[in-house]
Amino acid sequence: MERGISNSDISIQIVDASRDVQLRREELSESLRSAGGTGLRIASQIGQQAKPIVVSIAVIVCVSAVVCVAIVALKSSRPSVAAAPLRQPSFGGDLARAVASSLLRAAVRRLVTQVVMRQ
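Below is a short write-up of the structure. This one's a predicted model, so the numbers in the text were calculated from it and none came from an experiment.

Let's shift gears to the environment of Arg97. Mapped onto the secondary structure, Arg97 falls in helix H2 (residues 91-118). Accessibility expressed as a relative area gives 35% for Arg97, which makes it partly exposed. Linking Arg97 and Ala70, residues 27 residues apart in sequence, is a C-alpha distance of 8.6 Å.

Here it is, written out as structure tokens:
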């Protein structure tokens, strides 16, 4: 211990340092809470912006699945090529394909429009 520094001076310095440490802890805790809140707000905003895109993608996937099921159903209802002579495609099959492709085109157009408007 140096001369001229008493035990009470050291005790006062320790108490002051302890107060400074406590103050810094509180500042750090507040800063972390603020950063956490900011992160939650950003995540919420991203979720709100992504929601229409996710819904559009889900619609496109569902329409594609319905089209695939319709095509498989139409193909399975036709007799085998080896069993029957070649014939013209049915009007119902052509109509189903046209409706499905126009629905798919409209869904893709809507998705692209929403993506462009978000940017």
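So, about a nonpolar patch on the surface. A contiguous nonpolar surface patch, about 420 Å² in accessible area, is contributed by Phe91, Leu95, Val99 and Leu103. If you trace the backbone, Leu103 turns up in helix H2.

Moving on to the pattern of salt bridges. Evaluated as defined, the whole model comprises three salt bridges. In this structure, the salt-bridge partner of Asp16 is Arg19, at a minimum N-O distance of 3.3 Å. Of this pair, Asp16 and Arg19 both sit in helix H1 (residues 7-77), three residues apart, which is roughly one turn of that helix. By relative accessible area, Asp16 is classed as partly exposed at 32%. By relative accessible area, Arg19 is classed as exposed at 54%. Residue Arg33 pairs with Glu30 through a salt bridge whose shortest N-O separation is 2.8 Å. In this pair, Arg33 and Glu30 both sit in helix H1, three residues apart, roughly one turn of the helix. Residue classification places Arg33 among the exposed positions, given a relative accessible area of 54%.

Reading the values: rules and limits
Residues numbered from 1 in each chain as written. Predicted model: local features only at pLDDT ≥ 70, side-chain atom pairs only at ≥ 80, totals over all residues. Heavy atoms only, no water. Helix = DSSP H or I, 4+ residues; strand = E, 2+ residues; numbered from the N terminus. Buried < 20%, exposed > 50% of the residue type's maximum accessible area, 1.4 Å probe, protein only. Patch = residues over 30% accessible without salt bridge, like charges linked within 9 Å, V, L, I, M, F, W, Y side chains within 5 Å. Areas by Shrake-Rupley, 256 points an atom, 1.4 Å probe, with all protein chains shown as cover. Salt bridge = Lys/Arg side-chain N within 4 Å of Asp/Glu carboxyl O.

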